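What the coordinates show
Below, each chain spelled out in residue letters.
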Amino acid sequence: MENQAIIEAEGLTKKYGHQIAVKNLNLQIREGEVFGFLGPNGAGKTTTLLMFLGLTEPTSGKVRVIGFDPTRDPFHVKEKIGYLPENVGFYDDMDARQNLQYIARLNRIPDKISSGRIDESLKVVDLLEEVGKKVGTYSKGMRQRLGIAEVLIKEPQLIFLDEPTIGLDPDGTNRMLDLIHSLSREKNITIFLSSHLLDQVQRICDRVGIMIKGDLVAMGPIEELAKKKLGVDKEHYTLEEIYMKYFKEA
Amino acid sequence: MRGIFTIFRKEMEDHFSSIRFLLISALIVMVGVIIASMVGMGIQEESKGMAKPTFLFLWLFTSTGKLFSFVQFIGFFGPLIGIFLGFDSINRERVSRTLSKLLSQPIYRDAVINAKFLAGAAVIAIVLVAIVLIISGLGIRLIGVVPGSEEVLRLAIYLIASILYISFWLGISILFSVIFRSTATSALASLAVWIFFSFFISLGAGFLADAMAPIGQSGAGMDPTLVVKHEQVQRTISLLSPMTLYSDATTTILDPMRKTTQALVLMGPLERLSLSRFQSPLPLLQSLFIVTPHLVSLVAITFLCFGICYLVFMRQEIRTV
Ligand SMILES: Nc1ncnc2c1ncn2[C@@H]1O[C@H](COP(=O)(O)OP(=O)(O)OP(=O)(O)O)[C@@H](O)[C@H]1O
Ligand SMILES: [Mg+2]
């Protein structure tokens, strides 16, 4: 199972007028891996995610997510994937449980099943004590954690996380990273995350891709990229060094 | 239509728990009750000792109290109800960043817009039915007349026309909430359209009619064909306004004494009482026949408006930014 591709993109391109946001992207993500998607601001990371989700139509190229075309078959794709957008939004005048229940209902999860899952996922992100409060009163980090809980209630096969640790305190960040790791290892959920925090990416990702101005300039396991860019014998390296090398070349 | 019922249900809950809805219904109930009691007491006084004229019950809705009749009130204020219920329905979710999340769930994209429109229309229907029932109850107590089956039918047609009319405005405001990212802008744009239709169309109609068929101020020596033409031009243009469509249709339906959709003078209960001695009412079918084109136009513009809204929404780029 480890080798099966869960996301496949071929010549994927997105243009906004004359501006090319994503240029001829070819990429394969294997089931169960944690993939880190890196790149400077405006590189096209979010745009790529939106195309995988079927929320933005590609200008050209092919993409298959869990075996379906997200533009033609958005339904099957959205049923099985979770998406945490950058700056996730909630209905501020409802409490955490009501927010999650609404999403559960939209996913046609019966209330009987969802109420258990809601408690479970709120516990995972450590929000059970705040459950009665209106989400409008939540701090940024709490909203981010609630976003994760919301993704978990639909028990997805594949999760897209757009900058998941932004706004989390150090302890929260660690727990988020552990959670992501365990989701992948214990439940074989594929994680595709975009982030600017390279040390975190280095901790949890099996492979990374670096996108600069719409071009995927590098892709592979971190050690491999290190060998290629920093020389064979270098023992201690950071992802940041590799990233900066690619960035300066581009 | 996956997801439509869930969204519909949430929208209804949102409406019913909102202060906005509370204010709207409080205002309508207040005005409705005041008008109905004024009219009801007026009728009670004036019809003492006389045989009750037919369709007395409908007068509750069509007679002007001191200021305006209930029908006129809904004709003027109704658009605001539609606008209040819809002006931020889509862009609110954009601002709070819930729209992209909603659309990344396994639902059809059109379920969002359909559910929001239907929920708004349902709220409108509930409010209108409630107020008509309240007025009827009050009227039965005050004037002691129970509505006959024809009156009930006429009221039902009136209700349908009113729901359509206000839903049209709901559609307009949802359209602006799709187009504009800011809720303030969409509210202002909807109000601008409302003002345009309620004031400028009739002004413009008079202006154009004057230009095309000039009739002087002097009453004497006017060419009758010119007067007729003047009137025709004015009517045709003002029929472009949903308000004229609506008010013409509803007054005709609710007032069987009228033979055309055009009112020349407003009448209070007393004038009507005296007039009704000389006239015979128009049968329901005839009234319906007169207003069918109006009703069809109302349905058409409502669907047109919602259709545009739907198309714009379906083609829009959804971004969290
Ligand atoms: N709707 C749009 N219209 C025009 N240009 C757009 C649109 N959406 C995105 N872009 C452009 O596409 C490019 C890629 O944007 P994108 O949001 O994918 O970047 P990103 O890699 O996610 O950046 P960040 O790290 O800041 O989140 C940017 O230059 C942006 O200006
Ligand atoms: Mg981004």
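Everything discussed here concerns the structure shown above.
Residues numbered from 1 in each chain as written. Chains lettered and ligands numbered in written order. Predicted model: local features only at pLDDT ≥ 70, side-chain atom pairs only at ≥ 80, totals over all residues. Heavy atoms only, no water.

**Details of the pairing of strand E8 (residues 207-212) of chain A**
Residue and element names in this part refer to chain A. Counting buried residues along E8, six of its six residues qualify, which places the element largely inside the surrounding structure. Burial of E8 is two-sided: the residues Arg 207, Gly 209 and Met 211 facing one way and the residues Val 208, Ile 210 and Ile 212 facing the other way are all buried. Here strand E3 (residues 34-38) runs beside E8; their pairing, made up of four bridges, is parallel. Along E8, the bridge assignment pairs Leu 38 with Ile 210. Relative to strand E9 (residues 215-221), E8 is paired through six bridges, and the arrangement is antiparallel. Bridge pairing in E9 links Val 208 to Gly 220. (Buried < 20%, exposed > 50% of the residue type's maximum accessible area, 1.4 Å probe, protein only. Helix = DSSP H or I, 4+ residues; strand = E, 2+ residues; numbered from the N terminus. Pairing = 2+ DSSP bridges.)

**Brief notes about the sheet that holds strand E1 (residues 5-16) of chain A**
All names here are of chain A. Read from one edge to the other, the open sheet built from three strands follows the order E2-E1-E4, with strand pairing classed as antiparallel. The two strands at the open ends of the sheet, each matched to only one other strand, are strand E2 (19-30) and strand E4 (60-65). The sheet shows a mean angle of 15° between the axes of neighbouring strands, taken without regard to direction. Along the sheet, helix H1 (residues 45-53) makes contact with E1, E2 and E4, crossing E1 at roughly 120°. (Axes fitted to C-alpha atoms, helices over the stretch in contact; angles between N-to-C directions. Contact = heavy atoms within 4.5 Å.)

**Some points on the site of ligand 1**
With respect to spatial proximity, 14 residues lie near ligand 1, and among them Gln 19, Gly 42, Lys 45, Thr 46 and Thr 47 of chain A are the closest. Among the chains of the assembly, those with residues near ligand 1 are chains A and B. Asn 41 of chain A places a side-chain nitrogen or oxygen 3.0 Å from an oxygen atom of ligand 1. Contact between ligand 1 and Thr 46 of chain A: an oxygen atom at 2.6 Å from a side-chain N or O atom of the residue. In the complex, 72% of the free accessible area of ligand 1, which totals 640 Å², lies under the protein chains. When residues of the shell around ligand 1 are traced back to their parent elements, those giving at least two are E2 and H1 of chain A. (Near = heavy atom within 4 Å. Polar contact = N/O pair within 3.5 Å; in protein donor to acceptor, adjacent residues only side chain to side chain. Areas by Shrake-Rupley, 256 points an atom, 1.4 Å probe, with all protein chains shown as cover.)

**Some details on the pattern of salt bridges**
A side chain with one charge may pair with a side chain of the opposite charge, provided their charged atoms come close. The final tally for this structure, using the stated rule, is 20 salt bridges over all chains. Between Asp 92 of chain A and Arg 143 of chain A there is a salt bridge; the shortest N-O distance is 3.3 Å. Note that Asp 92 of chain A is positioned in the loop between strand E5 (81-84) and helix H3 (96-106) and Arg 143 of chain A in helix H5 (residues 140-152), a separation of 51 residues in sequence. When the shortest N-O distance is used, the salt bridge between Glu 130 of chain A and Lys 133 of chain A registers 3.1 Å. On the basis of relative accessible area, Glu 130 of chain A is assigned to the partly exposed category, the value being 22%. A single network of salt bridges, built from pairs that share partners, joins Glu 11, Arg 20, Asp 88, Arg 92, Glu 93 and Lys 116 of chain B. (Salt bridge = Lys/Arg side-chain N within 4 Å of Asp/Glu carboxyl O.)

**Observations regarding the nonpolar core**
Ranked by internal contacts, the top residues of the largest apolar core, which has 166 residues, are Ile 7, Phe 52 and Phe 160 of chain A together with Phe 61 and Trp 169 of chain B. Residues in contact with Phe 61 of chain B, not counting those within four places in the same chain, are Ser 69, Phe 70, Val 71, Val 132, Ile 135, Ser 136, Leu 155 and Leu 254 of chain B. (Core = buried A, V, L, I, M, F, W, Y, C linked by side-chain atoms within 4.5 Å.)

**Let's talk about the environment of Ser 104 of chain B**
With respect to the secondary-structure elements, Ser 104 of chain B resides in the loop between helix H6 (99-103) and helix H7 (109-143). Using a relative accessible area of 3% as the deciding quantity, one classes Ser 104 of chain B as buried. Along the chain, Ser 104 of chain B and Ser 198 of chain B lie 94 residues apart, while their C-alpha atoms are 41 Å from each other. Here Ser 104 of chain B is in contact with Leu 55, Lys 78, Tyr 83 and Lys 154 of chain A, once residues within four sequence places are set aside. Of note is the side chain of Ser 104 of chain B, whose polar atom sits 2.9 Å from the backbone oxygen of Lys 101 of chain B.

Everything listed here is a matter of geometry and, on its own, says nothing about what the molecule does.
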